[in-house]
Amino acid sequence: MAPSLTKDSVSPGTPGSERTFFGQPRGLATLFMTEMWERFSYYGMRALLPLYLVAPGGLHLNAATATAIYSVYVSLVYLLAMPGGWFGDRVWGPRKTVAVAGGVIMLGHLTLALPFSGTFYMGLGLVAIGSGLLKANISTMVGHLYDGPDDPRRDGGFTVFYMGINLGAFAAPLVIGTIGENVNWHLGFALAALGMALGLAQFLIGSRHLAPRSSVVPTPLSAEEKVSTLRKAAIWAGIAVVFYAIVGFSGHYTLNWILVPLTLLGVIIPTMVLVRIKRDRNLDRVEQSKMSAYIWFFVAAAVFWMIYDQGGSTLAIFADSSAENSVLGWSFPVSWYQSVNPVLIMALAPVFAWFWLALNRRGKEPSTIVKFASGLVLVGASFFLFLAPLSIAEGGHKAAAMWLVAIYFVQTVGELLLSPVGLSVTTKMAPAKYASQMMGVWFLAVTAGDATTGLLSLAGVGLNGRYVVALEATLAVVAGAAVWRYRNRVKQLMGGVH
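Residues numbered from 1 in each chain as written. Predicted model: local features only at pLDDT ≥ 70, side-chain atom pairs only at ≥ 80, totals over all residues. Heavy atoms only, no water.

**Student:** Can you walk me through the overall build of the chain in this structure?
**Tutor:** Helix and strand content of the chain: 17 helices and 7 strands. Scaling as 2.2 N^0.38, a compact globule of 498 residues should have a C-alpha radius of gyration of about 23 Å, and the chain matches this with 23 Å. Overall, the chain is about 65 × 55 × 50 Å in size when its C-alpha atoms are taken along their principal axes. Counting across all 498 residues of the chain, residues that qualify as buried make up 50%. If you take every contact in the chain between residues at least 6 apart in sequence, the share linking residues at least 24 apart comes to 79%. Of the roughly 22300 Å² that the chain leaves accessible, carbon and sulfur atoms contribute 67%. Across the chain, the 34 positively charged side chains and the 23 negatively charged ones have centroids separated by 6 Å. (Helix = DSSP H or I, 4+ residues; strand = E, 2+ residues; numbered from the N terminus. Rg over C-alpha atoms; globule rule 2.2 N^0.38 Å. Buried < 20%, exposed > 50% of the residue type's maximum accessible area, 1.4 Å probe, protein only. Contact = heavy atoms within 4.5 Å. Areas by Shrake-Rupley, 256 points an atom, 1.4 Å probe, with all protein chains shown as cover. Lys, Arg positive; Asp, Glu negative; His and termini not counted. Charge placed at Lys NZ, Arg CZ, Asp CG, Glu CD.)

**Student:** Looking at this structure, how should I read the pattern of salt bridges?
**Tutor:** Overall, the coordinates contain 4 salt bridges when judged by the stated rule. Salt-bridge contacts for Arg 39 lead to Glu 38; the nearest nitrogen and oxygen are separated by 2.7 Å. Like Arg 39, the residue Glu 38 is buried in the burial classification. A salt bridge links Glu 394 to Arg 466; the shortest N-O distance between them is 3.0 Å. Here Glu 394 is found in helix α13 (residues 368-394), whereas its partner Arg 466 is found in helix α16 (residues 466-485), with 72 residues between them in sequence. The exposure class of Glu 394 is exposed, given its relative accessible area of 51%. Classification of Arg 466 by relative accessible area gives partly exposed; the value is 34%. (Salt bridge = Lys/Arg side-chain N within 4 Å of Asp/Glu carboxyl O.)

**Student:** What should I look at first to understand the packing of aromatic side chains in this one?
**Tutor:** Describing an aromatic ring pair means giving the distance of the ring centres and the angle of the ring planes. Following the criterion strictly, the structure yields 28 aromatic pairs and no others. Summarising the aromatic geometry, the rings of Phe 352 and Trp 356 are spaced 6.0 Å apart at their centres and angled 70° between planes, so their arrangement reads as edge-to-face. With Phe 352 and Trp 356 both in helix α12 (residues 340-361), this residue pair falls 4 residues apart, about one helical turn. When sorted by exposure, Phe 352 lands in the same class as Trp 356, which is buried. One aromatic cluster is present, formed by Tyr 52, Phe 120, Tyr 121, Trp 185 and Phe 189 through successive ring pairs. In this arrangement the basic side chain of Lys 135 is found over the ring face of Phe 443, its NZ or CZ atom lying 5.2 Å from the centre. (Phe/Tyr/Trp six-rings, centres within 6.5 Å; stacked < 30°, edge-to-face > 60°. Lys NZ or Arg CZ within 6 Å of the ring centre and 35° of its normal.)

**Student:** It is not clear to me how the environment of Pro 342 should be interpreted in this structure. Could you clarify?
**Tutor:** With respect to the element layout, Pro 342 can be found in helix α12. A C-alpha to C-alpha distance of 19 Å links Pro 342 and Phe 443, two positions 101 residues apart in sequence. If we ignore the near neighbours within four places in the chain, the residues touching Pro 342 are Asn 166, Ala 169 and Phe 170.

**Student:** Any chance you could explain the environment of Thr 271 here in plain terms?
**Tutor:** One can find Thr 271 in helix α9 (residues 256-278). Its relative accessible area of 43% is what places Thr 271 among the partly exposed residues. Considered as a pair, Thr 271 and Ala 445 are 174 residues apart in the sequence and their alpha carbons are 9.6 Å apart. From its side chain, Thr 271 meets the backbone oxygen of Val 267 in a polar contact 2.9 Å long. (Polar contact = N/O pair within 3.5 Å; in protein donor to acceptor, adjacent residues only side chain to side chain.)

**Student:** It is not clear to me how helix α14 (residues 401-429) should be interpreted in this structure. Could you clarify?
**Tutor:** With 29 residues, α14 should reach 42 Å at 1.5 Å per residue; the first-to-last C-alpha distance of 41 Å fits that figure. Along α14, the largest kink reaches about 30° and is centred on Glu 415. (Expected span 1.5 Å × (residues − 1). Bend = angle between axes of the 7 residues up to and from the residue.)

**Student:** Would you take a moment to explain the packing of helix α1 (residues 27-54) against helix α4 (residues 94-113) for this structure?
**Tutor:** Relative placement of two packed helices is described by the angle separating their axes and the distance separating the axes. One way to put it is that α1 packs onto α4 with a least axis distance of 11 Å and a crossing angle of 30°. Comparing the axis directions of α1 and α4 gives the class roughly parallel. Relative to α4, the crossing made by α1 is left-handed. Every residue of α4 that contacts α1 at Glu 38, Ser 41, Tyr 42 and Met 45 is listed here: Ile 105, His 109 and Leu 112. (Axes fitted to C-alpha atoms, helices over the stretch in contact; angles between N-to-C directions. Parallel < 35°, antiparallel > 145°, perpendicular 65-115°, else oblique. Left-handed = near helix turned anticlockwise from the far one by under 90°.)

**Student:** Before we go on, may I ask you to explain the nonpolar core in this structure?
**Tutor:** The nonpolar side chains of a soluble globular protein tend to be buried, and buried together. If you look at the biggest cluster of nonpolar residues, it comprises 103 residues, and the most contacted ones within it are Met 45, Tyr 73, Phe 120, Tyr 294, Trp 305, Tyr 337 and Leu 404. When neighbours within four sequence positions are excluded, Leu 404 is seen to be in contact with Leu 315, Phe 318, Ala 319, Ala 323 and Tyr 337. Among the nonpolar cores identified, the runner-up in size contains 22 residues, and Leu 28, Ile 105, Leu 133 and Ile 138 belong to it. (Core = buried A, V, L, I, M, F, W, Y, C linked by side-chain atoms within 4.5 Å.)

This is the structure:
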């Protein structure tokens, strides 16, 4: 059903108070549609990416290199969310940052649509930069629509907003994936650019309904800080240009000269951020204790995302080469598997919400730690399940599509146990000094997990080998068991956080 606009009475001074969107401020419709179209472009391109990288009509790379590129790309999107938030807070303000981000994403997809391998990686970089800028700021603008954290409509507004994410993610592989696989790869990437163009256009048209504070730069850089920031950026850019010029002109350049540094940064930067916060002498004893507990959650989450995000790379490449991608004789494009997760999220999230409330009323709702541990065990179980189709394929047969659907189902249940809990515990355990930065820290767990996958691929580890899959599955189950085993210790470190 299409989103509807209705007359409603809301508090005076609320942006868009004359009309509402599902009982929410009118500006939510603008942000809902922007996020939906941006996710449509992002997930559509992401569904095509590993398939294009290995296809004879694409870049025709081996599976290990394709997985490394995919993993580096995804890790960069989440890594760049932190500087994206910094731009919104200190340079342009959230509204301008999102508008610029939409333009950069669209340009990136258009660059991917060009039939030249040389411009392909530039397009990936532009999409990653734009996604990082947008991701950090659009949620902030949703919060601006409400009268503070106690506004009773706030939680419902974010729920509606996140539905936009899943709607875009569900539709994208069905549309972009079908065109890309069956008609032309670059036409598929061009459709992703069209999706972002539609999202950007309606954002600019509907921005009058957004809160005025979305245009404000909360803590603008001083003149001295601007000069210092530009100087540092120029120095690092100059070093990179000189370094890669030397490598290129010496005839030693390969793709690994880009991939290896980026994957290492994806592991090193999250580690440095956590160490810097943990060693901050301005944190009191309680905050230090909470950060010690949070490191448990962070490391466990990195293991989770390392396996979970292989649903778009390792599993997709396996499906392309070794699965019978049909149901009851009806064949479908490989990219359609990427629609399984968002449709399951939309179907199961309300069930989980009801289930937790029902248990809570009986005083039996599992603790944060138990939910987290269960999510890890389930993502490990999904890779133990993956061993079955791998064995079938090694026997010279095509694995049935339902094996892959079952894997995605188990991973989605694990995600619903771990991801919302991770977001919640991040906000609850954040030291006051880092309250606005900790959500970016949570995203760095995704960066660390995907960067680890990239490093393994670049090291020549066959991620679709049975022994490696079994080892990853065991790692996740052991990590989940460790979180559960030491739950009392972690709970003690968490202080009063439940």
